[in-house]
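# Structure at a glance
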Amino acid sequence: MAQTLGAIAQFLQAELKGDADCIITGLATLSNAQSGQLSFLANMAYRDQLSTSQASAVIVHPKQASDVKGNALILSNPYLGYAKVSALFETLPAGSQTIHPSAVVSETAQIAESVSIGANAVIEDHAVLAKGAIIGAGSVVGVNSRVGKDSRIHQNVSIYHDVVIGENAIIHSGTVIGSDGFGFAQDKGEWVKIHQIGGVLIGNDVEIGANCAIDRGALSDTQIGNGVKLDNFIQIAHNVEIGEKTAIAAGSMVAGSTKIGRNCTLAGGVGVTGHLTLIDGVHVTAMSLVTKSISEPGSYSSGTAMSKTADWRRSAARFRQLDDLSKRLKSVEKSLQGSEQE
Amino acid sequence: MAQTLGAIAQFLQAELKGDADCIITGLATLSNAQSGQLSFLANMAYRDQLSTSQASAVIVHPKQASDVKGNALILSNPYLGYAKVSALFETLPAGSQTIHPSAVVSETAQIAESVSIGANAVIEDHAVLAKGAIIGAGSVVGVNSRVGKDSRIHQNVSIYHDVVIGENAIIHSGTVIGSDGFGFAQDKGEWVKIHQIGGVLIGNDVEIGANCAIDRGALSDTQIGNGVKLDNFIQIAHNVEIGEKTAIAAGSMVAGSTKIGRNCTLAGGVGVTGHLTLIDGVHVTAMSLVTKSISEPGSYSSGTAMSKTADWRRSAARFRQLDDLSKRLKSVEKSLQGSEQE
Amino acid sequence: MAQTLGAIAQFLQAELKGDADCIITGLATLSNAQSGQLSFLANMAYRDQLSTSQASAVIVHPKQASDVKGNALILSNPYLGYAKVSALFETLPAGSQTIHPSAVVSETAQIAESVSIGANAVIEDHAVLAKGAIIGAGSVVGVNSRVGKDSRIHQNVSIYHDVVIGENAIIHSGTVIGSDGFGFAQDKGEWVKIHQIGGVLIGNDVEIGANCAIDRGALSDTQIGNGVKLDNFIQIAHNVEIGEKTAIAAGSMVAGSTKIGRNCTLAGGVGVTGHLTLIDGVHVTAMSLVTKSISEPGSYSSGTAMSKTADWRRSAARFRQLDDLSKRLKSVEKSLQGSEQE
């Protein structure tokens, strides 16, 4: 994967200061970089490391260009430069563009050219794999489901029937797409299953992390918009709709029929209850619970800040007395007002 | 899956108003329904949609029967009617009632008639699959484990040894049953594993969602009662017992040896610490943490309500001062009492 | 698995009181034990059960030795004794020490002697399985990844490329190791993927529960120290480092680049945000959120205590008014000071 610095500069459309022939063999942080590696300065907290880094070249903002003693790639957004150049050093094996003999592919499945199907993967009846799709070892693509062009499904992913995945998607291992939504009616104390007859519709350029679960819709489809990025352990319940480019960090859970807008971010461990609507541009901080619709963009939170457990216990005990405390304060205020009026 | 409305009325034992020969091809909500589809009115918030819905027929309560201009199926519980009729339009492929040639089935396993075993599934030694059981592609049924009559195990499910699953169960993809409980003793700063030699006992009519984990017991069995419904990402630790018909929403975690009663509901993201007992009929709201046994039925909560982050920060800072605040209020009250007594 | 009590005493180096020839066929709690079973008394709350237990022998502390009417194994740490003896009654089938014919093993993989590879497992190019390693049915070991001596990978585990797992590790089903960390840069409103080119380095004697996700590093490796014990549903983000012997209970999530020290414990459902450092010996209680680095050992918490929902609603409403409440109290105090100074 070695590249000359000149080639990388051209790839990034960056201004090169220094030796275009310098061979770059990898990427590293400023503090970890060794000779031959390219680094970057995106966070000014690490600015002092410029002088001590062993990196053979550094991607920097024009303002820091003069601080770099060796080779520099100068870009207005060094972090974006790092993101782009990371693709050149990807270690993930490319697809084989073959169907492994141990894979089980239905005769009725439609397999386009340049598709890779890993060992022991299963492609069920009438499934459609578009050109360049990669299906990892042990993954299952269910009846009638479709995987779009150049999408990569990693190992041991479970895709049920009637799931549509767009182009350039990445789905990580252990993720389940199209499992039944959680729906039951009560009949004299017995749970009666509501069969989940909708599907799942996933847009283009979506990434879904490891061990997620995206339930199929009860009647219509659960929908994940173009460019949505989901971390690991994300629960998307039936009939949820996630707007374009929204990003959700690990362990967040969205309950049934909730609609989340575009360009939202949910930090890790966030819960959103069912049948809500969150407008575009909403941000929710870690482990907050959203129980009402949000119609104004901005940042929202719930929970309490961390303390030593001993201190926390006292606060937690007082939390239960808050209503009483508030009423007693009101009474004190009245009493004072009375005495002042005397 | 097309059915006449008359046949559906008979299936539901509903009163039919309108055209018994009307062909129903699917189900949809009032607002999404198109000609040929059946809808229902269960939530009065959607009552206005009766007049504009394109549905060919609507399941309604007798009180709304006169509001339906077209065909109606009249039932005292329209939501239950919808649940029952959803079974007629299920899209999930039925079991093949065959063993896929790529499946690996131990010679010592007992496979009853009408069992379906999917591609690349693995049935280990002495496992027992009862009549009509369906094992999805890539799933593993471990040594000595049993899957009851008509139970369906979806794709890529992992069932360890000595797990018993009852009849009519549904287990979704990615779920793990019988993994080791988390138990260690300390020996001079080293963790010593407590081998988990109990099993898991799952009753009849249980549904378990995607990517759950039900640990085996340390000594005796972890137990899931008849009719229990678990959503996705449920953690059931070793030796937990869940009572009949209790329903648990996504992401809830029950720690070791806790007993949850019958007909309880845990909303999403609830935590229950270990060695507790929750009586029948307990309900816990989303993302609450239960740290004490509950001996009175009813609804329980913890956490705080959501605010804008800026406002929340102030509250969170004050939360840490709550004990001080409370003491200062007490002092003010005393001071006032003193001045009143003067 | 039957053993004489004498043999068990020798194995535990315990003092035996009673019949060395007594045949022990299993383990059970004092209340569940039947004739032939060995039990233990570790928690004094169960002391009364000594007199009624049907156990054929009991592991006890010297102080309780005289309370045991039948056979006793006397040890200073009965719980540790129970942990050790549990290994003798393990029900988990041993590895077959063979490669199942349905497994797919790359010609370039290095497979040591005494390795067991289960049905439909996949061992990719240049993977290395050390002596005694056991790979469960349906598991995948990715390109260049290594599984150390005597480590056991259960069923349907997904190991990506460039993952190193040490010796004597146990990895439970559904766990994913080496999935991409969640990293994106922004480019004019578009997410640009940061390719995750680091690996994962897991030490010796590590146990990882079911359905965990350990992401690969962005540049350098995500690291799990020797003797770390992770329960189910643990999220370890890219470049996290977990110190030796730290134990983390189910559902906890550690965000990117955070370093957790040695001998820490996180209870269930804990969240730790990114780029923090937690010193050795930190303990965090269930469902707490850690948002700041911790430089002092001890126990930390956040959240509120559980109440009846009706009571909780009042407290939660007042929580939002806390800043106002605090200011009003301040004002009352000033007013009182003023009147006292008059």
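Right, let's walk through the structure included here. These figures come from a predicted structure and were not determined experimentally.

Before going further, it helps to examine the interface of chain B and chain A. Counting residues at the interface gives 62 residues for chain B, matched by 62 residues for chain A. Among the secondary structure elements, those contributing two or more residues to the side of chain B that touches chain A are helix H2 (78-86), strand S39 (307-308), helix H3 (309-320) and helix H4 (322-341) of chain B. Residue contributions to the side of chain B that touches chain A peak at seven residues, all from H4 of chain B. Of the residues in the side of chain B that touches chain A, the class split is 28 nonpolar, 24 polar and ten charged. Judged from the two bridges that link them, strand S38 (residues 298-301) of chain A and S39 of chain B form a sheet pairing that is antiparallel.

All names here are of chain A. Strand order in the open sheet made by the ten strands is S8-S11-S14-S17-S20-S25-S28-S31-S34-S37, with parallel pairing throughout. Either end of the sheet is taken by a strand with one partner, and the two such strands are strand S8 (104-105) and strand S37 (289-290). When strand S11 (residues 122-123) meets strand S14 (residues 140-141), the two strands line up parallel, connected through two bridges. Paired with Val 122 across the strands is Val 140, a residue of S14.

It is worth spelling out the relation of the copies chain B and chain A at this point. Two copies of one chain are present, and they are related through a rotation about an axis combined with an axial shift. At an RMSD of 0.1 Å, chain B and chain A line up after a rotation of 120° and a shift of 0.0 Å along the axis. The relationship between the two copies is best expressed as a three-fold rotation axis. Across chain B, the smallest distance between a C-alpha and the rotation axis is recorded for Gly 303 of chain B, namely 3.3 Å.

Another point: the nonpolar core. Within the largest apolar cluster, 220 residues are counted, with the highest numbers of intra-cluster contacts made by Ile 123 and Ile 135 of chain A, Ile 123 and Ile 135 of chain B together with Ile 123 and Ile 135 of chain C. Among the elements that take part in this core, strand S18 (residues 163-165) of chain B stands out by supplying three residues, more than any other. Among residues more than four places away in sequence, those in contact with Ile 123 of chain A are Val 105, Ser 106, Ala 109, Ile 117, Leu 129, Ile 135 and Val 141 of chain A.

Okay, the sheet that holds strand S2 (residues 15-17) of chain C next. Residues and elements named next belong to chain C. Strand order in this open sheet of five strands is S2-S7-S6-S5-S4, and the pairing throughout is mixed. In this open sheet, the two edge strands, each paired with only one partner strand, are S2 and strand S4 (26-27). With four bridges joining them, strand S6 (residues 57-60) and strand S7 (residues 71-74) adopt parallel strand pairing. Within S7, the position partnered with Ala 57 by the bridge is Asn 71. Along the sheet face, helix H1 (residues 5-12) touches S2, strand S5 (37-40), S6 and S7 and points at about 10° away from the line of S7. Packed onto the sheet, helix H2 (residues 78-86) meets S4, S5, S6 and S7 and runs at close to 145° relative to S5.

What counts, and where the lines are drawn
Residues numbered from 1 in each chain as written. Chains lettered and ligands numbered in written order. Predicted model: local features only at pLDDT ≥ 70, side-chain atom pairs only at ≥ 80, totals over all residues. Contact = placed C-beta atoms within 7 Å. Helix = DSSP H or I, 4+ residues; strand = E, 2+ residues; numbered from the N terminus. Nonpolar A, V, L, I, M, F, W, Y, C, P; charged D, E, K, R; others polar. Pairing = 2+ DSSP bridges. Least-squares fit on C-alpha atoms with pLDDT ≥ 70 in both. Core = buried A, V, L, I, M, F, W, Y, C linked by C-beta atoms within 7 Å. Buried ≥ 20, exposed ≤ 12 C-beta atoms within 10 Å, placed from the backbone. Axes fitted to C-alpha atoms, helices over the stretch in contact; angles between N-to-C directions.

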